[in-house]
Amino acid sequence: MAAMPAAAAAAAAVAAAAAPQQQLDTIQEGDHVIFDEHGEKKSIHAITRNGLAKVGKFRICVGQLIGAPWGSTYKLAVDGSRLLPVTEHEPVLGPAVDEIDKDNATLVDANQRNQGLTSADIAAMAASGKAGEDIIAALCSNSATFEGKTEFAQEKYKRRKARKYTTSLSLRRPTSWGLCEVMFDKAPAGIWNLRPDSLSLLLSLANVAAHSRTLLLDNCQGLLAAACAERMCGHGVLCCVGTGGKAPALSGLRQLNLGQQQRAVVCMAQLTDVQQAAEGRSRVEGRSRAVLAAGEVAGVAGGAASGAGEAERTPVWLMRQAGRYMAEFRAYSDKYPFRMRSETPDIAIELSMQPWRAFKPDGVIFFSDILTPLPALGIEFDVIKGKGPRIDDPIRSMEQIKALKTLDDPLSSLPFVHEILSSLRKEVDGQATLLTAECLRKEVDGQATLLGFVGTPWTLAAYAMEGKADRDCKQTKMIMFNNPALLHALLEHLTTALITYVGYQIEAGAQVVQLFDSWAHHLSPEQFAEFSLPYANRITEAVRAKYPHVPIIFHANGGTGKLDVVAGSNADVIGLDWSTSMRVCRQTLGPQHKVQGNVDPMVLFGTQEVIEAEVKRVLLEAGPQGHILNVGHGVVQGTPEENVGYFCELARQSGKIHQEQQQQQQKQHAANGQLVGATV
């Protein structure tokens, strides 16, 4: 942390002299809030209308806290269904107890011998909506020994029961001190074991205050940047520096609920740029920018900002590029359930941006799931760690299909999708604010394209009918062979909904949309031609009629086994798995089809020599135009992160690879011509 050089300060946006915006007394949508459970467990959450957060052992909707006063206290209903405000004079039973009196420690209902209530009685009270305090009161009144306890022992008994039947929650406004507490409790090594008191001392020693001009290299997840911005009160300049071509991670800064004036003092730069500015040297940008969505979908290159003209290199992104192979991702997946990650904008944005920060692919695909729209239709699902999606009430009758909802207003039923995509779009367009992802406006600007995605009607229908992933797709295929009208009815309903859902993603900011047919491998070519491709084509046709500027990618898992049928897709780009060579795919599909793929994802477990050989083979067989480099299905858990980075780097070298091949071919043609002349 140091005073910023004058040249760098001159290039930064300096805030106006006006005071920062006054903070409101109530929680607003989009605010971050520190949840303080019993004074022991602290966590921070973004408040959105449909966002979820774990409180106690339950996941609750945090939207009910919009409008709640800062500093207020809530208790969790015993069934976990809602948060109940605690009145000013209502005591909240916390779990903390002072030094235990040894003499009173035995005055409890050991093994329920003296308790009149059974487990069934307690369960019935909970099911009827009784609050935790009501259950505790009933336990006390039905205890044969409670009245004989000392006052201290009675209080200890209540507190012990409160651990099980009540959860109190205080809503704290984020401060750098509070964020430091949360981060230290969660992962102290991530902030170099920096405690709140040490943080305050550090800032004081660095003379960080209002009107400071501060250059900051933050390796504490944005905690230092948050503390500096808080002290500067919207005056001065705070330049956060990234190294190695990576943007500084500023999640802590985003979580402070800063006002516009406070955000305006923050800028970002690379350390090398700051050093050059300090030495008085200017820097010419001239960075290549590969944009999948501009011009010719798979023929886009770096160079021209508009993406017009021929490609200088092959664009690259990876299916499942945000996944458990990344240590950063596992820090979230090990802590939060899948739907909480995919439906909480703050988390989903972070997970979407992680692979871009690490590997710089040309596409940023928003973190979500193909099943995400199903609850809006009345089909609830959950994702069980290690087992995958589960639908408790599979769709197997016409009555169930007729009872399904229509997707008339996705903004109301799936609001988090709009928030995630619109925030990510600001990232890739260079319009990000501190309230979106990781404040990458300068680093991401024009270098990436935002991809949306949906599952195809066939894949969603199969999940809805099976209720889970099944190696034989047994239930769905039994319906297919015995009652095909039922399957077609569900496919019709899903197709109509998905046309709306794709348009919703585009209007939220998606620049390209991929249709995933993950279960296409269960279908024969004839079945695929009847139950999958026509419905996917209808989505593409309807979307193209309304959004002709948005390219559509169609990826059928197992589709290379039925290429002659897949060739009937009307999508702009056809995604290919790795079970057929790219050369055969190109020959079968013809030059009119642009393609994506098709490196075997297991290749990324090999050496760099193996990866380079396979990527070069795919690049050369695909040709320099009309191709997006990708893996054939998805990055596999356990894949070394450095190999994913090398995969992307090889795509950035693809222009040179194709040029070398062309030179070799020209030499070969020249040699052949000389040979023919000599023979004559």
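Residues numbered from 1 in each chain as written. Predicted model: local features only at pLDDT ≥ 70, side-chain atom pairs only at ≥ 80, totals over all residues. Heavy atoms only, no water.

1. Some details on the packing of helix 2 (residues 119-127) against helix 3 (residues 132-141)
Phase 1: One can describe the packing of helix 2 onto helix 3 by two numbers: an axis separation of 10 Å at closest approach and a directional angle of 150°. One finds that helix 2 runs roughly antiparallel with respect to helix 3. Our pair here, helix 2 against helix 3, has a crossing hand that is right-handed. Every residue of helix 3 that contacts helix 2 at Ile-122, Met-125 and Ala-126 is listed here: Asp-134, Ile-135, Ala-138 and Leu-139.
Phase 2: Taken together, the residues of the contact of helix 2 with helix 3 sort by class into six nonpolar, no polar and one charged. (Axes fitted to C-alpha atoms, helices over the stretch in contact; angles between N-to-C directions. Helix = DSSP H or I, 4+ residues; strand = E, 2+ residues; numbered from the N terminus. Parallel < 35°, antiparallel > 145°, perpendicular 65-115°, else oblique. Left-handed = near helix turned anticlockwise from the far one by under 90°. Contact = heavy atoms within 4.5 Å. Nonpolar A, V, L, I, M, F, W, Y, C, P; charged D, E, K, R; others polar.)

2. Here we look at the packing of aromatic side chains
Phase 1: Taken as a whole and judged by the stated rule, the model has nine aromatic pairs.
Phase 2: With a centroid separation of 5.5 Å and an interplanar angle of 90°, the aromatic rings of Phe-453 and Phe-516 are classed as edge-to-face. Here Phe-453 is found in strand 15 (residues 449-455), whereas its partner Phe-516 is found in strand 16 (residues 512-517), with 63 residues between them in sequence. No difference in accessibility class separates Phe-453 from Phe-516, as the two residues are buried.
Phase 3: Each ring, one from Phe-528 and one from Phe-554, has its centre 6.4 Å from the other, and the planes form 40°; the classification is tilted. Here Phe-528 is found in helix 22 (residues 525-531), whereas its partner Phe-554 is found in strand 17 (residues 552-556), with 26 residues between them in sequence. We note that Phe-528, like Phe-554, is buried. (Phe/Tyr/Trp six-rings, centres within 6.5 Å; stacked < 30°, edge-to-face > 60°. Buried < 20%, exposed > 50% of the residue type's maximum accessible area, 1.4 Å probe, protein only.)

3. Here we look at the layout of surface pockets
Phase 1: As a volume, the largest pocket reaches approximately 1,400 Å³.
Phase 2: Forming the walls of the largest pocket are 41 residues, and the residues nearest its centre are Arg-320, Arg-324, Phe-338, Asp-369 and Tyr-463.
Phase 3: Put simply, the parts of the chain that give the lining of the largest pocket at least two residues each are helix 11 (327-333), helix 12 (338-343), strand 13 (382-384) and strand 14 (388-390).
Phase 4: Here the residues of the lining of the largest pocket sort into 21 nonpolar, 13 polar and seven charged. (1 Å grid on protein atoms, 1.4 Å probe; cavity = no way out; pocket = protein on both sides within 12 Å on 5 of 7 lines; lining within 4 Å. Points joined across faces, edges and corners; volume = space filled by probe spheres on them.)

4. With respect to a positive patch on the surface
Phase 1: A contiguous patch of positive charge, built from Lys-41, Lys-54, Lys-186 and Lys-335, is present on the exposed surface.
Phase 2: Note that Lys-335 resides in the loop between helix 11 and helix 12.
Phase 3: The exposure class assigned to Lys-335 is partly exposed, which follows from its relative accessible area of 38%. (Patch = residues over 30% accessible without salt bridge, like charges linked within 9 Å, V, L, I, M, F, W, Y side chains within 5 Å. Areas by Shrake-Rupley, 256 points an atom, 1.4 Å probe, with all protein chains shown as cover. Salt bridge = Lys/Arg side-chain N within 4 Å of Asp/Glu carboxyl O. Lys, Arg positive; Asp, Glu negative; His and termini not counted. Charge placed at Lys NZ, Arg CZ, Asp CG, Glu CD.)

5. Some thoughts on the nonpolar core
Phase 1: The biggest cluster of nonpolar side chains holds 137 residues, and the ones touching the most others in it are Phe-35 and Trp-458.
Phase 2: Those residues in contact with Phe-35 that lie beyond four places of it in its chain are Lys-41, Lys-42, Ser-43, His-45, Ile-47, Ala-53, Val-55, Val-62, Leu-65, Leu-169, Ser-170 and Leu-171.
Phase 3: Among the nonpolar cores identified, the runner-up in size contains 30 residues, and Ala-225, Ala-226, Met-232 and Leu-253 belong to it. (Core = buried A, V, L, I, M, F, W, Y, C linked by side-chain atoms within 4.5 Å.)

6. Notes on helix 20 (residues 474-482)
Phase 1: Those residues of helix 20 that fall on the buried side of the exposure criterion are Thr-476, Lys-477, Ile-479 and Met-480. For helix 20, the angular spread of buried residues about the axis comes to 155°, placing them on one side. Pointing more than 90 degrees away from the buried face of helix 20 are the exposed residues Lys-474, Phe-481 and Asn-482.
Phase 2: Looking at the buried positions of helix 20, the neighbouring elements they touch are helix 19 (457-466), helix 21 (484-508) and helix 22. (Arc of directions from axis to C-beta.)

7. Structural notes on the pairing of strand 2 (residues 32-37)
Phase 1: When you tally the buried positions in strand 2, you get six out of six residues, the bulk of the element.
Phase 2: Every second residue of strand 2 is oriented toward a common face, with His-32, Ile-34 and Asp-36 on one face and Val-33, Phe-35 and Glu-37 on the other, all of them buried.
Phase 3: The sheet contact formed by strand 2 and strand 3 (residues 41-46) spans six bridges and is antiparallel. Each bridged residue has a counterpart across the sheet, and for Phe-35 the counterpart in strand 3 is Ser-43.
Phase 4: Pairing of strand 2 with strand 8 (residues 168-172), which is carried by four bridges, proceeds in the antiparallel orientation. Looking at the pairing, Phe-35 lines up with Leu-171 of strand 8. (Pairing = 2+ DSSP bridges.)

Honestly, it's all geometry; don't read function into it.
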